[in-house]
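# Structural features, examined
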2 protein chains.
Amino acid sequence: MNALPPSTAFAPLQNDTFLRACKRQATAHTPVWLMRQAGRYLPEYCATRAKAGSFMGLATNTDFATEVTLQPLERYPLDAAILFSDILTVPDAMGLGLSFALGEGPRFATAVRDEAEVAKLEVPDMDKLRYVFDAVTSIRKALNGRVPLIGFSGSPWTLACYMVEGKGSDDYRLVKTMLYQRPDLMHRMLAVNADAVAAYLNAQIDAGAQAVMVFDSWGGVLADGAFQACSLAYTARVLAQLKRTGPDGAVVPRIVFTKGGGLWLQDMAALDCEVLGLDWTVNLGHARRTVGGTENGSGKALQGNLDPNVLFAQPEQIAAEAVKVLDSFGKPHQGSGTGPTHIFNLGHGISQYTPPDNVSALVEAVHSHSKTLRA
Amino acid sequence: MNALPPSTAFAPLQNDTFLRACKRQATAHTPVWLMRQAGRYLPEYCATRAKAGSFMGLATNTDFATEVTLQPLERYPLDAAILFSDILTVPDAMGLGLSFALGEGPRFATAVRDEAEVAKLEVPDMDKLRYVFDAVTSIRKALNGRVPLIGFSGSPWTLACYMVEGKGSDDYRLVKTMLYQRPDLMHRMLAVNADAVAAYLNAQIDAGAQAVMVFDSWGGVLADGAFQACSLAYTARVLAQLKRTGPDGAVVPRIVFTKGGGLWLQDMAALDCEVLGLDWTVNLGHARRTVGGTENGSGKALQGNLDPNVLFAQPEQIAAEAVKVLDSFGKPHQGSGTGPTHIFNLGHGISQYTPPDNVSALVEAVHSHSKTLRA
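Residues numbered from 1 in each chain as written. Chains lettered and ligands numbered in written order. Predicted model: local features only at pLDDT ≥ 70, side-chain atom pairs only at ≥ 80, totals over all residues. Heavy atoms only, no water.

### Details of the overall build of chain A
Secondary structure assignment for chain A yields 15 helices and nine strands. Relative to a compact globule of 375 residues, whose C-alpha radius of gyration would be 21 Å, chain A shows 20 Å and is just as compact. When burial is assessed residue by residue, chain A has 61% of its 375 residues classed as buried. Here the analysis covers contacts within chain A between residues at least 6 apart in sequence; of these, 77% occur between residues at least 24 apart. (Helix = DSSP H or I, 4+ residues; strand = E, 2+ residues; numbered from the N terminus. Rg over C-alpha atoms; globule rule 2.2 N^0.38 Å. Buried < 20%, exposed > 50% of the residue type's maximum accessible area, 1.4 Å probe, protein only. Contact = heavy atoms within 4.5 Å.)

Given below as structure tokens:
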């Protein structure tokens, strides 16, 4: 790998609201960004994707990836940008052949289902993921300090789901068969995945990512007990290996989002990360009491958790639902020191069918009501 | 409707383990039955279905429905039978045209998506569902007192999901759009559904069902707040209208199962029902402490919650996982009076790919270990 750009190559940050909230520090408003904010609901995204020819054509081209990452920021006063990429780039670099048929989810050319296939797995050469790190640096430059850039990966368990199933699944039968029938294979795969994800996120940090997020999209399909053993333990293994600061010396907050993980919040409180992402099934007030911590005590910042389907309602209804989410968290920490903080987001990725103007209504409502909440 | 058969038409019950556990009374072993126990994993079921020509051909033919309901009891010493039918028969009777393409989920010919379509909805004439009540009576006779018979329906919210979407969904975008954009329409639909489900379950009780279960299969996709307003409130409306005893004067326990509802256990404790069904994400020990009640106090019996994918492991692994589930609940109530009890089940319907012999291993393990647990 080339030497990384010195931190002085990046412009100073103008809006640190998101990073402060990640660190449980006071902010003047509740920061907001949206999972999958650069995506198909934006006509300008569809235009760029059409030029790129395919999802991977888009993700592997630095200029295109930079362009689409910045598109939502041109429309909405969002408080963070997130790298345009996919949660499954790591197994692709392991040689499994990731692709996206139009209108469908991800698919691997090769699935990993038996002892021989698991034995072959190893942490890929990070050079195969250079297109991601190049995109991070390019986006960071293009952002020019406007908002911070979030890097990300799928969690070890979520990668394993796709690696075994070969694609999305209704029942996760194949990956769970391996889990229950050959736990030795499952744990080997998860260990390799964890070490690969850690190396991958560290390289994103070196390239300029100012926060990193682990998407445990399928942690919630596991049984109690299996979640702790197969998802949580390997997310912890990732976190234990992550750099705590970027090349500029700034702390890099770590976000863990387990979709459907609301029942395990107390287990997740023990994770060595700054932020927990929550889906819409979780009551934010309850989550705050459970893991949000106290003024000047330890705890997790909370990120979430509007149902993305709210964005199909009328603007005034969207605003009312955003207010409900903000109010369920309550007044965030104010003043000096640290305390409970909230980062507004959806509880899952934004739908491709979302009318773009409705996102304006949401972001406006979050910014304005969250200021009122602090008054 | 014809006069109902006098209760004396049915043979006395030989195995009341399931009904006793529903009522939080002591049993010598933990009763076990499996959601979808009469189904495609059984070759004899597939043979009958082939004769019937279609799923609805099977469900609407009294002889076929009776035959397949009893098939799993011939193979396994299960402690309850469940009516062979579908959760969506009520909207079918409303005129929406239910069908099942081979290898696919349910589908309605007509979806309910606008004000005019919602306005047309009404509680259907129960005579349109006579095939279900005839099947209940026929099955009850054929069971000849061997084990009790459970009747069931989808919950008002779950029916609404399919009625609006027209079929299963990944994101429930259409039904949630109605929920957030036209709550007036959604609540009217849910009210009609609730009254229809109540009439339907009461007619099943009159026909001989000895317990009834409400399948809230999609309650777990709702946001906190929306769950209470759109799922729980209308399940409560069903329960408030249900008969408490059958024609023979015996108490008819009511089971509510919300898939993905573990976060709302405390809300569900207020439901006027005897049993709560749980999926595999819930820790049974935690659920027992939350809603299981105390010795001679009130509380819910708990039903669940093995991951159906465990049945793809080896018999000894299946037994070990069954033991974990039993042990997580702990020692059930013993002696006289009432106390915490457990009904063993899967956390969701059994997979069509399950090797039938593995079910034998499961049932045997539940019966033998649950006796040990009481020693």
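### Remarks on the relation of the copies chain A and chain B
Mapping chain A onto chain B calls for a rotation angle of 180° and an axial translation of 0.0 Å; the resulting RMSD is 0.0 Å. Expressed as a symmetry operation, the mapping of one chain copy onto the other fits a two-fold axis. If distances are taken from each C-alpha of chain A to the rotation axis, the shortest is found for A:Leu263, at 3.0 Å. Most of the interface of chain A is mirrored in chain B, where 100% of its interface residues again form contacts. (Least-squares fit on C-alpha atoms with pLDDT ≥ 70 in both.)

### Considerations on the nonpolar core
General note: in soluble globular proteins, nonpolar side chains tend to be found buried as a group. If you look at the biggest cluster of nonpolar residues, it comprises 272 residues, and the most contacted ones within it are A:Phe18, A:Trp157, A:Leu362, B:Phe18, B:Trp157 and B:Leu362. Excluding its chain neighbours within four sequence positions, the residues that come into contact with A:Leu362 are A:Leu34, A:Leu306, A:Leu311, A:Ile318, A:Ala322, A:Phe344 and A:Leu346. (Core = buried A, V, L, I, M, F, W, Y, C linked by side-chain atoms within 4.5 Å.)

### Section: the sheet that holds strand β1 (residues 81-82) of chain A
Residues and elements named next belong to chain A. An order of β1-β4-β5-β6-β7-β8-β9 is seen for the seven strands of this open sheet, with the pairing classed as parallel. The strands lining the two open edges of the sheet, one partner per strand, are β1 and β9 (342-346). As paired elements, strand β8 (residues 301-306) and β9 share five bridges and run parallel to each other. Residue pairing for β9: Gly304 is matched across the bridge by Phe344. (Pairing = 2+ DSSP bridges.)

### Brief notes about empty space enclosed by the protein
All names here are of chain A. Under the definition given, this model contains one cavity of 30 Å³ or more. Estimates place the volume of the largest cavity at around 40 Å³. If you trace the largest cavity, you find it lined by Thr258, Gly261, Gly262, Leu265, Met268, Gly277, Leu278, Asp279 and Val282. Partitioning the lining of the largest cavity into residue classes produces four nonpolar, four polar and one charged. (1 Å grid on protein atoms, 1.4 Å probe; cavity = no way out; pocket = protein on both sides within 12 Å on 5 of 7 lines; lining within 4 Å. Points joined across faces, edges and corners; volume = space filled by probe spheres on them. Nonpolar A, V, L, I, M, F, W, Y, C, P; charged D, E, K, R; others polar.)

Everything listed is a geometric property; what it means functionally is a separate question.
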